[in-house]
Amino acid sequence: MGEHNFGFFDHGFSRLEATLQSRERMQAVHSSNIANADTPNYRADGRTFDDYLNARLNGSAMPLATSQAGHMQLESVSRHEPEWRSGGDVQRADGNTVDLQKEMARMSENQLMHELSLRMIRGRINILTNAIKEGSR
Amino acid sequence: MSDSLFSSMSVAAAGMTAQRARMDVVAENIANAESTRTAEGGPYRRRQVVFRTIAEKDAFPAIFARAGQGGSHSVQVSDVVRDPRPFREVYDPVHPDADANGIVRMPNVNTIEEMVDMQAAGRSFEANVTSLEASKRMFLKSLEMLR
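None of the values given here were measured: they were computed from a predicted structure.

Engineer: Lay out the overall build of chain B with the relevant residues and their values.
Structural biologist: Per the secondary structure count, chain B includes three helices and four strands. Going residue by residue from the N terminus, the α and β elements of chain B occur as α-β-α-β-β-β-α. In chain B, which comprises 147 residues, the share counted as buried stands at 34%. Sequence separation of at least 24 residues holds for 68% of the intrachain contacts in chain B that already meet a minimum separation of 6. A total of about 8,400 Å² of accessible surface is found on chain B, and carbon and sulfur atoms cover 56% of it.

What follows is the structure in structure tokens.
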């Protein structure tokens, strides 16, 4: 829906939608880390909410200036999912870098922020509903 | 949109399955801590699960087909291995399995170790339950928007 730039479903609304989707992606990241908390040599998935949101919002990034033949355009990169990267350096004896407590804390935070985004969307929809209802009186 | 929530729920479920398998093996070890005779001969050898990270799409290919790279990482019990540590040797001449010197070879199971492993498996299982509930709650909250 990112194409709508007018009226009710404007930039702000699509940004909220991107936020929601990114929060859901983050939930998947936390689930993976928690499920693999006992897997030897598992490197914790360190992708953050920012990564996902940026990837979603900057899908149509500005073209990069190229001055030499070997320079690449950003477009081919930015449309992709955020790169997997390792989070946390605390090495346990089994080579696993998941910090279970931190994962749980971040997961709760992620949930609260998801709820917040939902309420903001709900608020916007309520505005529209009110306008429709009051108009019929 | 809810693809990632479904995938996180299946990952949490896979984590619970793996921890349950670990718990089963711990129970087996504790139950056989004194078994001196096994089908393959000799005392019982302690068994241990090995977890392995797998791409989530391998676990549920049909239902949760994912687009794009960098999906979730699920978990799986890849192997149950035997502990190579030496057997415990106990002096008990009246035991039917004692050798000429009265030494009985007992399983290499350390009950304390198994207890710790059991606790850890329980905690990890609970962590997965929590993450499953979190995913479910997020999904339900999204559904509430439709009301």
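Moving on from the model shown.
Engineer: Describe the interface of chain A and chain B, naming the residues involved and giving the relevant values.
Structural biologist: Taken together, the contacts link 30 residues of chain A with 34 residues of chain B. Taken as a group, Glu24(A), Asp38(A) and Gln111(A) account for 21% of the area that chain A buries against chain B, more than any other trio of residues on that side. Counting across the chain A and chain B interface gives two salt bridges. Between Arg22(B) and Asp38(A) there is a salt bridge, with its nearest N and O atoms 3.0 Å apart. Where chain A packs against chain B, one counts 12 residue pairs in polar contact (both at pLDDT 80 or more). Within the residue set of the side of chain A that touches chain B, elements represented by two or more residues are α1 (11–35) and α4 (100–135) of chain A. Take the side of chain A that touches chain B: its biggest share by element is 11 residues, from α1(A). Taken together, the residues of the side of chain A that touches chain B break down into 12 nonpolar, nine polar and nine charged.

Engineer: Describe α1(A), and please don't skip the residues or the numbers.
Structural biologist: Taking 1.5 Å of rise per residue, 25 residues should cover 36 Å, and α1(A) covers 36 Å from first to last C-alpha, within 8% of that figure. Within α1(A), 21 of the 25 residues are buried, which leaves it mostly tucked inside the rest of the structure.

Engineer: Residues and numbers for unusual backbone geometry, please.
Structural biologist: Note on backbone geometry: most residues besides glycine have negative phi, and most peptide bonds are trans. Non-glycine residue Asn41(A) carries a positive phi angle of around 65°. Mapped onto the elements, Asn41(A) comes out in the loop between α1 and α2 (49–57).

The rules behind each value
- Residues numbered from 1 in each chain as written.
- Chains lettered and ligands numbered in written order.
- Predicted model: local features only at pLDDT ≥ 70, side-chain atom pairs only at ≥ 80, totals over all residues.
- Heavy atoms only, no water.
- Helix = DSSP H or I, 4+ residues; strand = E, 2+ residues; numbered from the N terminus.
- Buried < 20%, exposed > 50% of the residue type's maximum accessible area, 1.4 Å probe, protein only.
- Contact = heavy atoms within 4.5 Å.
- Areas by Shrake-Rupley, 256 points an atom, 1.4 Å probe, with all protein chains shown as cover.
- Buried area = accessible area lost by both parts, 1.4 Å probe.
- Salt bridge = Lys/Arg side-chain N within 4 Å of Asp/Glu carboxyl O.
- Polar contact = N/O pair within 3.5 Å; in protein donor to acceptor, adjacent residues only side chain to side chain.
- Nonpolar A, V, L, I, M, F, W, Y, C, P; charged D, E, K, R; others polar.
- Expected span 1.5 Å × (residues − 1).

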